[in-house]
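A structural walkthrough
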Amino acid sequence: MSTPPDNLPVYRVLTGPDDETFCRRVSEALALGYQLHEGPAVTFNGDRVIVAQAILWPTG
């Protein structure tokens, strides 16, 4: 069983505005080996769309 790099946790939730920066953060996590856990949660804060995406490090 491998562990995530740089002492990152096995389970992470990435959050932020739905913009290029957020998409890059998710893409970077996927490139490290994380996998998406379900679909994203999306809300609107009155100004912009906010996204949360859970990711998991594969353990098996």
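A few points on the structure. Since the model is a prediction, treat every value here as computed from it, not as a measurement. (Residues numbered from 1 in each chain as written. Predicted model: local features only at pLDDT ≥ 70, side-chain atom pairs only at ≥ 80, totals over all residues. Heavy atoms only, no water.)

**Section: the overall build of the protein chain**
- When its secondary structure is counted, the protein chain shows 1 helix and 4 strands.
- Element order for the protein chain, N to C, with α for helix and β for strand: β-α-β-β-β.
- When its C-alpha atoms are laid out on the principal axes, the protein chain stretches across 45 × 20 × 15 Å.
- For the protein chain, the proportion of its 60 residues judged to be buried stands at 22%.
- Considering only intrachain contacts with a sequence separation of at least 6, the fraction spanning at least 24 residues in the protein chain is 54%.
- When the accessible surface of the protein chain is summed, it comes to about 4200 Å², and 53% of that surface belongs to carbon and sulfur atoms.
- Taken together, the 4 basic and 7 acidic charged side chains of the protein chain have centroids lying 3 Å from each other. (Helix = DSSP H or I, 4+ residues; strand = E, 2+ residues; numbered from the N terminus. Buried < 20%, exposed > 50% of the residue type's maximum accessible area, 1.4 Å probe, protein only. Contact = heavy atoms within 4.5 Å. Areas by Shrake-Rupley, 256 points an atom, 1.4 Å probe, with all protein chains shown as cover. Lys, Arg positive; Asp, Glu negative; His and termini not counted. Charge placed at Lys NZ, Arg CZ, Asp CG, Glu CD.)

**Let's talk about the side chain of Q53**
- With respect to the secondary-structure elements, Q53 resides in strand β4 (residues 49-56).
- Exposure remark for Q53: the relative accessible area of 5% places this residue in the buried category.
- Among the polar contacts made by the side chain of Q53, one reaches the main-chain carbonyl oxygen of E38 at a distance of 3.3 Å.
- Contacts of Q53, omitting those with residues within four sequence positions, involve R12, V13, L14, F22, V26, L36, H37, E38, G39 and P40. (Polar contact = N/O pair within 3.5 Å; in protein donor to acceptor, adjacent residues only side chain to side chain.)

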